[in-house]
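What follows is the residue order along each chain.
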Amino acid sequence: MSRVDSELAIDRLIDAPRALVWRAMVDHLAEWWCPRPWTTEIVALDWRSGGRFNLAMHGPDGEVHGGDGMLLEVVPGERIVFTNALGQDWQPQAAQPVAIVGMFALADAPRGRTAYRASARHWTDADTKAHADMGFAEGWGICADQLEQVVARLKETADA
């Protein structure tokens, strides 16, 4: 997939096969979705193209931030494309904190590893900058670290 100016992204090589990384992503979403000590509550999640997601992120001091949107494309083992600009029944909505088209993409990498890419595309340069200034790299990087921890745990369990 080509890079675009309005895109912010995190790239990682994860030391596990793609099928295991995919399983960690979808079956253990609440364990890696938001940086700890925050937690994720899955309110609604329909893992299909056109499916809805609604995730509530709970902070240690009682804060709650919602994440509501649509899964635009789900290709098992390869990618998840989503947006927070559309809500239930494909209704346009005021996206928070900024409107994005997000993508998690996986590809085979040498030595049984997986190339992982998490990206967010924005409508305007101002939105791209605002998302970067909010801590995109740090926050989405922490989530990638947490995903790697889940993968390592699942890999260890599978090898036992």
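Residues numbered from 1 in each chain as written. Predicted model: local features only at pLDDT ≥ 70, side-chain atom pairs only at ≥ 80, totals over all residues. Heavy atoms only, no water.

Asker: Residue-level account of the packing of aromatic side chains, with values.
Answerer: Overall, the coordinates contain 9 aromatic pairs when judged by the stated rule. Taken together, a centroid distance of 5.5 Å and an interplanar angle of 90° make the contact between Trp32 and Phe104 edge-to-face. You can see Trp32 sitting in helix H2 (residues 29-32) and its partner Phe104 sitting in strand E6 (residues 101-109), a full 72 residues away along the chain. Classification of Trp32 by relative accessible area gives buried; the value is 2%. What links up through ring pairs into an aromatic cluster is the set Trp32, Trp33, Phe53, Phe82, Phe104, Tyr116, Phe136 and Trp140. (Phe/Tyr/Trp six-rings, centres within 6.5 Å; stacked < 30°, edge-to-face > 60°. Helix = DSSP H or I, 4+ residues; strand = E, 2+ residues; numbered from the N terminus. Buried < 20%, exposed > 50% of the residue type's maximum accessible area, 1.4 Å probe, protein only.)

Asker: Go over the environment of Gly51 with me, naming the residues and quoting the values.
Answerer: By the secondary structure assignment, Gly51 is in the loop between strand E2 (39-45) and strand E3 (52-58). Expressed as a C-alpha distance, the spacing of Gly51 and Gln146, which sit 95 residues apart in the sequence, is 25 Å. Those residues in contact with Gly51 that lie beyond four places of it in its chain are Asp46, Gly69, Met70 and Leu71. (Contact = heavy atoms within 4.5 Å.)

Asker: Describe in detail the nonpolar core, supporting the description with residues and values.
Answerer: If you look at the biggest cluster of nonpolar residues, it comprises 35 residues, and the most contacted ones within it are Met25, Trp32, Phe104, Tyr116, Trp140 and Leu147. Here the element with the most residues in this core is helix H4 (residues 136-159); it accounts for 8 residues. (Core = buried A, V, L, I, M, F, W, Y, C linked by side-chain atoms within 4.5 Å.)

Asker: For the layout of surface pockets, give the residues involved together with the corresponding values.
Answerer: In this structure, the largest pocket spans a volume of roughly 940 Å³. Lining the largest pocket are 30 residues, with Trp33, Met57, Pro97, His131 and Trp140 sitting closest to its centre. Elements represented by at least two residues in the lining of the largest pocket include exactly E3, strand E4 (64-75), strand E7 (113-121) and H4. In terms of residue class, the lining of the largest pocket is made up of 20 nonpolar, 9 polar and 1 charged. (1 Å grid on protein atoms, 1.4 Å probe; cavity = no way out; pocket = protein on both sides within 12 Å on 5 of 7 lines; lining within 4 Å. Points joined across faces, edges and corners; volume = space filled by probe spheres on them. Nonpolar A, V, L, I, M, F, W, Y, C, P; charged D, E, K, R; others polar.)

Asker: Provide a residue-level description of the pairing of E4, including the pertinent values.
Answerer: Looking down a regular strand, the side chains alternate between one sheet face and the other. Where E3 meets E4, 7 bridges bridge the pair, whose relative direction is antiparallel. Paired with Ala56 across the two strands is Gly66, which belongs to E4. Taking the residues that link successive antiparallel strands as the turn, the E3-E4 hairpin has 5 residues, and the phi of Gly62 there is positive, at about 90°. Between E4 and the antiparallel strand that follows it, strand E5 (residues 79-83), lie 3 residues; Gly77 among them carries a positive phi value of about 80°. (Pairing = 2+ DSSP bridges.)

Asker: Summarise the pairing of E7; cite the residues concerned and give the values.
Answerer: Along E7, 7 of the 9 residues are buried, which leaves the element largely enclosed by surrounding structure. Strand direction decides the pairing type here: strand E1 (residues 7-14) and E7, joined by 8 bridges, are antiparallel. Counted as the bridge partner of Glu7 is Arg121 from E7. Bridging between E6 and E7 involves 9 bridges; their strand directions are antiparallel. Bridge assignment links Ala107 to a residue of E7, and that residue is Ala115. Joining the antiparallel neighbours E6 and E7 is a turn of 3 residues, in which Arg111 adopts a positive phi near 60°.

Asker: With reference to specific residues and values, describe the pattern of salt bridges.
Answerer: A full pass over the atoms with the stated rule returns 13 salt bridges. When the shortest N-O distance is used, the salt bridge between Arg117 and Asp11 registers 2.7 Å. Of this pair, Arg117 sits in strand E7 while Asp11 sits in strand E1, and the two are 106 residues apart along the sequence. In this structure, Glu148 and Arg12 form a salt bridge, with 3.1 Å as the shortest nitrogen-oxygen distance. In this pair, Glu148 sits in helix H4 while Arg12 sits in strand E1, placing the two residues 136 residues apart along the sequence. Relative accessible area serves as the criterion here: at 24%, Arg12 is assigned to the partly exposed category. Through salt bridges with shared partners, a single ionic network connects Glu7, Asp11, Arg117 and Arg121. (Salt bridge = Lys/Arg side-chain N within 4 Å of Asp/Glu carboxyl O.)

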